Structure formats: structure tokens, C-alpha cells
Amino acid sequence: MDDDARRLGELLGRCGILYVEDYSPSGGRHLYIPLVERVTAAEAREVVEAMTLLAPSLDPGPHQNVTDGCIRVPGSAHKSGGHQILTTPLSTAYDTLRRRNDAETLNALRRALAPELRRRRDLTARSARLATLAAAPGGNPLTFGGSQSPLRVVARTGLYDANRYASASEARLAVLNHFASCGWTLEQVRNEMAGQFPGLAALYKGKDHTDRLLDQEWTNACGWVQKKPPTKTGANSFLINDTSPPKPTGGAAKYISKAGVHQLVNDLENVLYAVLDHRLKERGREGLSLRLLLRAVLGYMRTMETDLLDVGCRTFAGALGKHHGTVARLLPALQAASDGILTKVSDARGRNADAYLVQLPPHFEQLARDLSWRPGKIYGIRPVFRVLGDVAALTYECIERGRVSPTTADIVRSTGLSRSAVDKAVAEMATHNMIQRSHGGWTLVAATSLIALARRLGALDDAAEQITRHRLQRARWHAWLDRHLVPELTENEMYDAEADTHWFPPDEDDGTYAGHLWMAA
């Protein structure tokens, strides 16, 4: 609670907001923000609910209705004894209440909370959709992880289910085991114990207790998740031609080196920017999705260092933030539109997905050699653009990989997007301090971390939730293949919210995060 109050105080200070602070004998704190002009209850509620995404201990209740929710002001008697104590110096508090905050400072706070305001609106809309589904006949929507998954609540608040965990030791080991299984490092765990997961630190008795036990418990967690399941004895090891799933041979991967894959990707990027982008932009919304899917294919090749795509639609759906059915529809269209770059070499069978071979056709070889390779990396959809949209992703890429700082007109010509769509995208990205105008052109704001912004917008939770959902769907499909086992499995055996929910390691590097995403998907 003290950390949340400090975090909110720093936010208000950066926005130039004047406020008064007090605390109660029970340990609670109040922050008062006096205003020059009245705001509606809905406007105040929106800002306070956005703040709860930065400070989980903030109670939005007093602002969620217009009839109730009174609070004690400084000097009021507390029911447990004592009084509400003013911590702001009296002269400062008097000056703050006399001067108050004008509309411009409130707008500055709104700009600082822009990611949280958007995320709160998305969460509200999502809750409404889930409520509609639940109210429908036979509706019982299953939620997947996210910020309210059981282990994440334990890590954030330190509160755990005593019926499931006998003590704080078992609860923190459950959290550490899950961190280890999701690829976190000990350094990342230490950093987040002082960041977004202070509840994990609260499960230890103090700093000495943490220093003494954390290293050993982390070692135990890593050893636990690395244990291999016992192999079945007496199982047949031969293939049955009509029932056994085919085993992938690696396709052309054995004939191309890792360095050759990177060179191939660089050449295909030249073809993409010089030819395919201009062809696909004529296909409207589908063309926009195909352009991003082709970027995801190249990103997968570079990360996994292979020219054979033998992964399912859900893998690319996780990279693009789209439904796997959409990707299943787009892949054949991309094969037809790629002019020989993408070739299907085998059909899906059993647990194996369709396999595609990526190559540079002979008629593009001269073009690839004549053009110089572009700096930087190519992506499908980075997490932040799951929220901001496809147009913003292509606009940002144009600014990021351009040889000069482009103007809005340059972006329109280069991407083939409409002027109104580009104007809307650059305005929203400028609001989030991702880009800025400099000498008539647009440049990136190097100090803005896309991963940190994605976390504030809730995009990382959405990506982890999608991967968790895909894992459950794969488990059901594999169970169906194994002689229709679905009716024999209970819901807990099929999906355990604590064990199966994926958490991305808190890595701020886009390239490293791409590796986490592909491996998890």
C-alpha cells in the first residue's frame, strides 16, 4: 500500500498535480486532488479506475457511485481508535486547497494515463461480452489466466488459498515453479519482487529470509520443472502406416545453414518491400493481414533459424494477435499471392500441421541482389500493436526502418495506407510517446519501451492468455486423437489455472521477447 501511494504520488508530481495526503490508524492512505472546475462522476471514475491498474491497492469504490462512498477527512475519528492524520504540511495543504488544479493539469494526468485509460475501456467491454455470453442459454465461458489468474494474484498481493497451500512456503514455491517453467531468470524474479509482484516478497518473512532462501528455492524450482516424465515401458516403437502420425523430416532445413537462413530472410525482406507490399495493398483489409502474416513468417524463420514452417496456425495467431481460424484462411491465400516464395510441401496429419517451404524464387534473385539489406529486425505484430492495431504496426515499421525520418505523406506512399488511417495511427502513437515529430518528419522516441507500454496496455496479458487458450485447445485435440479421451478427463485435469497459465519473462528487448513468444506459441 505504501509503495502504491508512493507510485501514485510520483505520477501526480510528474503531471504537475497538487494534492493533499493523509493516513489512517489502520494503515490506509488518502490522496486528495482539488479541482478548479467540476468534472462529472463518470470522468472522475474513469481516471480513478485507470489508476488502479498502476496501484492495485487503490480502492475505486468511493468514485463508482454518486450516492455512497464517503471517506474520513483529516482529523476525523477512526472506528479503531485514533484519528485520520494529515501528512502534508498544513501550510502546503491550505495553499493546495486554495489554488487547486486547473483543467490543463487534469488533461496532463489523462495523457500520462493514456495506456491505462484505454486498457480499462477494453476490460470493461470485455467484461460486458463475457456477461452476455454467460447469460445466454447454455453459456459458460471459460476464462484463461490474465492478470487475475490465481498464481498471479498470489504474486501480486501475497494472499493465497489456505485450502490449497498449507503455508506461505508452499504458495511461494508454486509461484517460483511457474516462473521457472515459463523461462524466467532469477534476476528477473528479483526485479519483479520489487516491481509488479510485491506479494511474492511478502511471502518471505523479511529481507534476510529472502536472501537466505530465494537462491535455493529457485534452484529447486528449476530442477523440478526440468524433470522428464517417466518413459512408458513396453510401448511399440514402430510405425503403423495407416494410424501412426508422420514424423517430420526437417524438409530443406538440412540443406541450408543458419547463416544461409538469415541471408535468405534478408533477401526476402527486399522482395517484400519492393514488390509484394505493393501487390498486396490492392487487396484491402485482407491484403493488410497478408502483409503482416508474411512478416510473421520471416520473423519466425529468423528466430528459429529454419526455412521450413511446420507449425500450426495457432503459432502464427499468437504472433499476430488474431484468431487461428483467420490464419488458417490466410495461409493458402498467402501461398497463392507470394509468387513462389511460400510452397506447401505436406498436408496436416494427426498432431502435425501443414508444412510450408520458404525459398527465394529465381525470378526474384536479381532484385534481391541489387537492393541493399535494411537495418533492424522484421516482426509480425509486436505485443503493443495487438492493442493499437495493424495500421499502427505498419506505420511504426515505416518510421523505424526508413532510411530517413518520413513525413506523413511519405508514410502514406510507402505503406499504401489511407491518409486518414495514417493520421489516426501517428496521433495515437504520439499520445503514447512512441513517436515524435522532428523537422517535419516522424522519429521514434528511444526512451519509450514498447514492452513496458504493452504491459501497461494489457497486451502482454492478452498474449499470455491466448497462448494458454491455445495450449488447452491442443490438449483437447491430442486427447481426441488418443482414442477420444475427452469425456474421461475432468476440467481440472484438462486445464489447471495455476499450472497452465503462461507468464512472459519481463524482458524489455523486443528481439528477445520475440524468441519468448515463438517458443511459447
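Keep in mind that what you see is a predicted model, and the values were worked out from it rather than measured. (Residues numbered from 1 in each chain as written. Predicted model: local features only at pLDDT ≥ 70, side-chain atom pairs only at ≥ 80, totals over all residues. Heavy atoms only, no water.)

A. Spotlight on the overall build of the protein chain. When its secondary structure is counted, the protein chain shows 24 helices and 8 strands. Every one of the 521 residues in the protein chain was classed for burial, and the buried ones make up 41%. Accessible area of the protein chain: about 27700 Å², with a carbon and sulfur share of 53%. (Helix = DSSP H or I, 4+ residues; strand = E, 2+ residues; numbered from the N terminus. Buried < 20%, exposed > 50% of the residue type's maximum accessible area, 1.4 Å probe, protein only. Areas by Shrake-Rupley, 256 points an atom, 1.4 Å probe, with all protein chains shown as cover.)

B. Just the pairing of strand E2 (residues 29–32), in detail. Side-chain alternation along E2 places His30 and Tyr32 on a buried face and Arg29 and Leu31 on a face that remains uncovered. In sequence, strand E1 (residues 20–23) turns back onto E2 through a hairpin of 5 residues, with Gly27 there showing a positive phi of about 100 degrees. (Pairing = 2+ DSSP bridges.)

C. Structural detail: the sheet that holds strand E6 (residues 355–358). In spatial order, the strands read E4-E6-E5; together these 3 strands make up an open sheet with antiparallel pairing. Strands at the two margins of the open sheet, each flanked by one partner only, are strand E4 (308–309) and strand E5 (342–346). With 4 bridges connecting them, E5 and E6 associate as antiparallel partners. Across the sheet, the residue bridging to Thr343 is Leu357, located in E6.

D. Focus on the packing of helix H17 (residues 390–401) against helix H18 (residues 408–415). Between H17 and H18, the least distance of the axes is 10 Å, while the angle of their chain directions is 110 degrees. Viewed along their axes, H17 and H18 adopt a mutual orientation that is roughly perpendicular. The chirality of how H17 crosses H18 is right-handed. Taken together, the residues of H18 that come into contact with H17 (itself represented by Leu394, Thr395, Cys398 and Ile399) are Ile411, Ser414 and Thr415. When grouped by side-chain class, the residues that make up the contact of H17 with H18 number 4 nonpolar, 3 polar and no charged. (Axes fitted to C-alpha atoms, helices over the stretch in contact; angles between N-to-C directions. Parallel < 35°, antiparallel > 145°, perpendicular 65-115°, else oblique. Left-handed = near helix turned anticlockwise from the far one by under 90°. Contact = heavy atoms within 4.5 Å. Nonpolar A, V, L, I, M, F, W, Y, C, P; charged D, E, K, R; others polar.)

E. Representation of unusual backbone geometry in the model. Unlike most non-glycine residues, Asp339 shows phi in positive territory, near 60 degrees. Backbone geometry places His439, a non-glycine residue, at a positive phi of 55 degrees.

F. Inspection of the packing of aromatic side chains at higher detail. Tallied over the full model, the rule gives 6 aromatic pairs. The interplanar angle of 40 degrees and the centroid separation of 6.4 Å between the aromatic rings of Trp184 and Phe197 together place this pair among those described as tilted. A residue pair is termed long-range when its members are at least 10 positions apart, and Trp184 in the loop between helix H7 (168–181) and helix H8 (186–193) and Phe197 in the loop between H8 and helix H9 (198–202) qualify at 13 residues. Phe197 shares its class with Trp184; the two are buried. Through a chain of ring-to-ring contacts, the aromatic side chains of Phe179, Trp184 and Phe197 assemble into a single cluster. The ring of Tyr379 carries the charged tip of Arg382 above its face, separated from the ring centre by 4.1 Å. (Phe/Tyr/Trp six-rings, centres within 6.5 Å; stacked < 30°, edge-to-face > 60°. Lys NZ or Arg CZ within 6 Å of the ring centre and 35° of its normal.)

G. Quick look at the pattern of salt bridges. In the structure shown here, the tally under the stated rule is 30 salt bridges. In this structure, the salt-bridge partner of Asp95 is Arg98, at a minimum N-O distance of 2.8 Å. In this pair, Asp95 and Arg98 both sit in helix H3 (residues 90–99), 3 residues apart, roughly one turn of the helix. For Arg98, a relative accessible area of 54% corresponds to the exposed category. One connected set of salt bridges, linked through shared partners, spans Asp277, Arg291, Arg295 and Glu397. (Salt bridge = Lys/Arg side-chain N within 4 Å of Asp/Glu carboxyl O.)

H. Region of the structure containing the packing of H18 against helix H19 (residues 419–431). Contact geometry of H18 with H19 gives a least axis separation of 10 Å together with a crossing angle of 120 degrees. Compared by their axis directions, H18 and H19 come out oblique. Between H18 and H19 the crossing geometry is right-handed. Note on element contacts: H19 touches H18 through Arg419, Val422, Asp423 and Val426, opposite Thr408, Ala409, Ile411, Val412 and Thr415. Classifying every residue of the contact of H18 with H19 gives 5 nonpolar, 2 polar and 2 charged.

I. Broad picture of the pairing of E1. Pairing geometry for E1 and E2, over 4 bridges, is antiparallel. Note on E2: the bridge partner recorded for Val20 is Tyr32. Sheet topology note: the E1/strand E3 (residues 85–86) ladder contains 2 bridges and is antiparallel. For Tyr23, the partnering residue across the bridge sits in E3 and is Ile85.

J. The arrangement of the environment of Ile33 in detail. Assignment of secondary structure puts Ile33 in the loop between E2 and helix H2 (41–51). Take Ile33: its relative accessible area is 30%, and that puts it in the partly exposed class. Through-space distance from the C-alpha of Ile33 to that of Asn101 is 7.5 Å; in sequence the pair is 68 residues apart. The residues touching Ile33, leaving out its near neighbours within four places in the chain, are Leu12, Ile17, Leu18, Tyr19 and Asn101.

K. Geometry of the sheet that holds E3. The strand order E2-E1-E3 describes an open sheet built from 3 strands, whose pairing is antiparallel. At either end of the open sheet lies a strand with only one pairing partner, and these are E2 and E3. Contacting E1 and E2, helix H1 (residues 2–14) crosses the sheet at an angle of about 10 degrees to E2.

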